[in-house]
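Examining the three-dimensional arrangement
Each chain, letter by letter, is given below.
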Amino acid sequence: MSRIAQRFAQLKEQGRKALVTYSVAGDPDAETSLKMLHEMVARGADILEVGVPFSDPMAEGPVIQQAHERALVNRLTLTAVIELVAAFRATDNQTPVLLMGYANPVEHMGYAHFADVASAAGVDALLTVDLPPEEVAPIKAELSRVGMDCILLVAPTTPDARLVKIVKQASGFVYSVSLKGVTGSGHLDSNVVAEQVARIRQHTALPVAVGFGIRDATSARAIAAVADGVVVGSALVAAAAEAGQGGPEAAVAAAGALVAEIRQGIDSLAS
Amino acid sequence: MSASETSGNEPPAQAINYSSVPDQDGHFGTYGGKFVAETLMSALTDLEALYHRLSADPAFCAELDEDLAHYVGRPSPLYEARRLSAQAGGARIFLKREDLNHTGAHKVNNTVGQALLAKHMGKRRVIAETGAGQHGVATATIAARLGLECHVFMGEEDVRRQALNVYRMKLLGATVVPVTSGSRTLKDAMNEAMRDWVTNVDDTFYIIGTVAGPHPYPLLVRDFQSVIGREARAQSLDQTGRLPDALVACVGGGSNAIGLFHPFLQDEDVAMYGVEAAGHGLETGQHAAPLSAGTPGVLHGNRTYLMQDEAGQIIETHSVSAGLDYPGVGPEHSWLKDIGRVNYVAVDDTQALAAFHQLTRVEGIIPALESSHAIAYATELAARMEKEQTIIVNLSGRGDKDMHTVAEIDGIEF
Ligand SMILES: Cc1ncc(COP(=O)(O)O)c(C=O)c1O
């Protein structure tokens, strides 16, 4: 069983929901990133989603765009991201790590080579925002070859017929995009999310995680009530960046504190 | 050349049916496609279906032709530039006068078409990206005419370089949104337009300004711009009694070039030259010539030649002309390059500026800096050709918008 499947199975047994945290690798530098990943796990993250910096992050709002730009100042590119995961694995062999990014850096490295080095480093899955099911087959084949999951998105605009095709190709979990917009948008509607998750569940037994627009314990709790996992990105990136003015330790601490708060919000559901 | 002389298993050139690409999923060979976030996929599918239906609908075609004739001012003349030809000393150079269109460039051929699609889809809001500002102006113009809300995304750097066009767009009632992310030029404006589209996909139509972006944009922009080549082909037959020997057009995203080339692709004796911006020189790395010096990759919804570094990050481009300052290129050009049907060459800033001055002085036509790249190459090419031969150059736009840039370079203050 893959680390991701294992993690969702464990959580299900415990009656808990997954907290997936997003941070951009190398924001503001590789060393801080590594510390932040461990800290987020320590404070309650179940799955780590690691953003691969790209010059043209088209699906991101301003907060995450700026994180990509900060990471690229140090030229933190795909090879370095994979090295970062390898370094993380040196002391954490349990927490699933998923890379999220854009097609071009992966394509440039070569799908087969990427699959080889990423799986060797302990990366569990890949989500490429700009590879919809129509274009994902070649990379998915390489990921399957090395036992990595290929995470696919379902959007509020995805019609049912298409949804069926997407979940058939998905593995690991289904990433349900909560709203029409970029990351960090502020118009989350939990009723709409509930409907969409229900729609997805009609067609798959895979766990469903919801992302975009979840920013605090309250919104995380509301979404966790209807999904198997919540993804928190912009709020964490913003908290770390703001606190980061006072140095990298402060950034790590701020991200950790927000993770703990959101964890509590999610876990308060169970009780 | 007989079939047995062609290399490998490739079919002879005349067997290629150029209207059979893109395929159903928008692929030109390995290029093109739909590389966008899931949220946009259904909007693209809807657009595809609508375009498929309308492009075969005589009423829609008549509506478009009417706009092209009476609003844009088509057909544009095919003008023989005799003094320029004499200076070049070789083939006869003809200019396809897209500079005479309403708003001063070829861009309007496409915006008129896409705005009609928007109208048929019932969208009340249009968005566009722009570099030189020509596409932004053309979009703001048609939005004013149709009463559509219009937002134009423009890199902060281009807002500065093309202040006149920014003012024109504002006069036309558009909101110009300066983009401050990334390199603050056309590619970033396109990122921002995509972000707006993903957010407002229900009521917004994205009018892409060139033959790039996800399928079906490269297809429909090609179709709307092909009026250039269809006219030029008929005009050439009419005015010279034969087809031209060569076609020359500048290539930013590639829309004016594909518009001229496409109706001639089947004519194997017509040579074609797409002219990219060599900026400070290809060897300096500071240019905007992905076909001449780039490698394939994925950006802005399609697979195509790109300017990128060894890690697959898109790199900053440079050209004196804002409209060519783009790290990608329409996917059909990538395919045409690989199959060898079109030659892609590059002209640097200095050569383009010289051609700008030359055409202005000998023909009384002030070309856009983008089009000046094509003029520069055409004069070079003409010199290598015979006197009876003919070249058609796409004069994609007029140079009014570039007065400031050229004056600044020439050290003149207003
Ligand atoms: C006059 C003119 N020519 C050419 C271009 C380049 O675009 P394309 O390659 O799509 O024709 C532009 C773009 O702004 C332009 O304004």
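Residues numbered from 1 in each chain as written. Chains lettered and ligands numbered in written order. Predicted model: local features only at pLDDT ≥ 70, side-chain atom pairs only at ≥ 80, totals over all residues. Heavy atoms only, no water.

1. Remarks on the overall build of chain B
Across its full length, chain B holds 16 helices and 14 strands. For chain B, whose C-alpha radius of gyration is 20 Å, the value lies close to the compact-globule estimate of 22 Å for 414 residues. Reported as C-alpha extents along the three principal axes, the dimensions of chain B are approximately 60 × 55 × 50 Å. The buried share of chain B, reckoned over its 414 residues, is 64%. In chain B, the proportion of contacts linking residues at least 24 apart, taken out of those at least 6 apart, comes to 73%. When the accessible surface of chain B is summed, it comes to about 14600 Å², and 50% of that surface belongs to carbon and sulfur atoms. Counting 33 positive and 52 negative side-chain charges, chain B places the centres of these two groups 4 Å from one another. (Helix = DSSP H or I, 4+ residues; strand = E, 2+ residues; numbered from the N terminus. Rg over C-alpha atoms; globule rule 2.2 N^0.38 Å. Buried < 20%, exposed > 50% of the residue type's maximum accessible area, 1.4 Å probe, protein only. Contact = heavy atoms within 4.5 Å. Areas by Shrake-Rupley, 256 points an atom, 1.4 Å probe, with all protein chains shown as cover. Lys, Arg positive; Asp, Glu negative; His and termini not counted. Charge placed at Lys NZ, Arg CZ, Asp CG, Glu CD.)

2. Let's talk about empty space enclosed by the protein
Under the counting rule described, the total for this entry stands at six cavities of 30 Å³ or more. Taken together, 29 residues make up the lining of the largest cavity; nearest its centre are His106(B), Lys107(B), Gly323(B), Leu324(B) and Glu370(B). Only β5 (125–130), α5 (134–146), α8 (186–199) and α11 (255–261) of chain B provide two or more residues apiece to the lining of the largest cavity. Tallied by class, the residues present in the lining of the largest cavity amount to nine nonpolar, 16 polar and four charged. Forming the boundary of the second largest cavity are 13 residues, of which Met58(A), Ala59(A), Ala37(B), Leu40(B) and Met194(B) lie nearest the centre. (1 Å grid on protein atoms, 1.4 Å probe; cavity = no way out; pocket = protein on both sides within 12 Å on 5 of 7 lines; lining within 4 Å. Points joined across faces, edges and corners; volume = space filled by probe spheres on them. Nonpolar A, V, L, I, M, F, W, Y, C, P; charged D, E, K, R; others polar.)

3. Some words on the sheet that holds strand β11 (residues 295–299) of chain B
All names here are of chain B. Across the sheet, which stays open at both edges, the four strands sit in the order β1-β2-β12-β11 with antiparallel pairing between neighbours. Two strands bound the open sheet, and with one partner strand each, they are β1 (27–28) and β11. Pairing geometry for strand β2 (residues 31–35) and strand β12 (residues 301–306), over two bridges, is antiparallel. When the sheet's bridge partners are listed, phenylalanine 35 is paired in β12 with glycine 301. Taken strand by strand, helix α13 (residues 331–338) contacts β1, β2 and β12, and its axis lies near 45° from that of β12. (Pairing = 2+ DSSP bridges. Axes fitted to C-alpha atoms, helices over the stretch in contact; angles between N-to-C directions.)

4. Some remarks on the layout of surface pockets
Any space left empty among the atoms is revealed by the rolling of a water-sized probe across them. Of the voids in this model, the second largest pocket is the one considered here, and its volume is about 330 Å³. Lining the second largest pocket are 17 residues, and of these Ser55(A), Leu72(A), Lys187(B), Ile314(B) and Glu316(B) lie nearest its centre. In terms of residues, the lining of the second largest pocket owes the most to one element, helix α3 (residues 62–73) of chain A, which gives five residues. Here the lining of the second largest pocket is composed, by residue class, of six nonpolar, six polar and five charged.

5. Brief notes about the interface of chain A and chain B
In this assembly, 38 residues from chain A lie in contact with 36 residues from chain B. The three residues of chain A that bury the most area against chain B are Met58(A), His108(A) and Glu135(A), which together make up 21% of that side's buried surface. Between chain A and chain B we count six salt bridges in total. Across the salt bridge formed by Asp202(B) and Lys180(A), the nearest N and O atoms sit 2.6 Å from each other. Counting across the chain A and chain B interface gives 25 residue pairs in polar contact (both at pLDDT 80 or more). Counting only elements with at least two residues in the side of chain A that touches chain B, the list comes to α3, α5 (103–109), α7 (133–145), β6 (152–154) and α8 (160–169) of chain A. (Buried area = accessible area lost by both parts, 1.4 Å probe. Salt bridge = Lys/Arg side-chain N within 4 Å of Asp/Glu carboxyl O. Polar contact = N/O pair within 3.5 Å; in protein donor to acceptor, adjacent residues only side chain to side chain.)

6. Observations regarding the site of the ligand
All names here are of chain B. Residues in contact with the ligand amount to 18 residues; listed here are only the nearest, Thr210, Gly252, Gly254, Ser255 and Ser396. Here histidine 106 contributes a side-chain N or O atom positioned 2.9 Å from an oxygen atom of the ligand. Asparagine 256 places a polar side-chain atom, nitrogen or oxygen, 2.8 Å from an oxygen atom of the ligand. About the coverage of the ligand: the protein hides 97% of its 390 Å² of free accessible area. The pocket occupied by the ligand, as judged from atoms lying within 2 Å of grid points, is the largest cavity. Classifying every residue of the shell around the ligand by side-chain character gives five nonpolar, 11 polar and two charged. (Near = heavy atom within 4 Å. Sits in = over half its atoms within 2 Å of the grid points.)

7. Details of the nonpolar core
Residues Leu99(A), Phe114(A) and Leu117(B) are the most contacted members of the largest nonpolar core, which totals 183 residues. With near-sequence residues (within four places) excluded, Leu99(A) lies in contact with Val50(A), Val52(A), Leu78(A), Val81(A), Ile82(A), Val85(A), Phe114(A), Val123(A), Ala125(A), Leu126(A) and Leu127(A). In this structure, Ala81(B), Ala288(B), Ala352(B) and Leu359(B) belong to the second largest nonpolar core, which totals 32 residues. (Core = buried A, V, L, I, M, F, W, Y, C linked by side-chain atoms within 4.5 Å.)

8. A closer look at the environment of Glu332(B)
Assignment of secondary structure puts Glu332(B) in helix α13. Sequence separation between Glu332(B) and Gly26(B) is 306 residues, and the spatial gap between their C-alpha atoms is 9.9 Å.

9. Quick look at the confidence of the model for chain B
Residues and elements named next belong to chain B. Per-chain confidence: chain B averages 95 in pLDDT, with 97% of residues scoring 70 or above. A low-confidence stretch, residues 1–12 stays under pLDDT 50, and its non-local contacts, those more than four residues away or across chains, total three contacts. Interface confidence in the predicted complex, given as ipTM, is 0.95; pTM for the same model is 0.95. (pLDDT = per-residue confidence, 0-100.)

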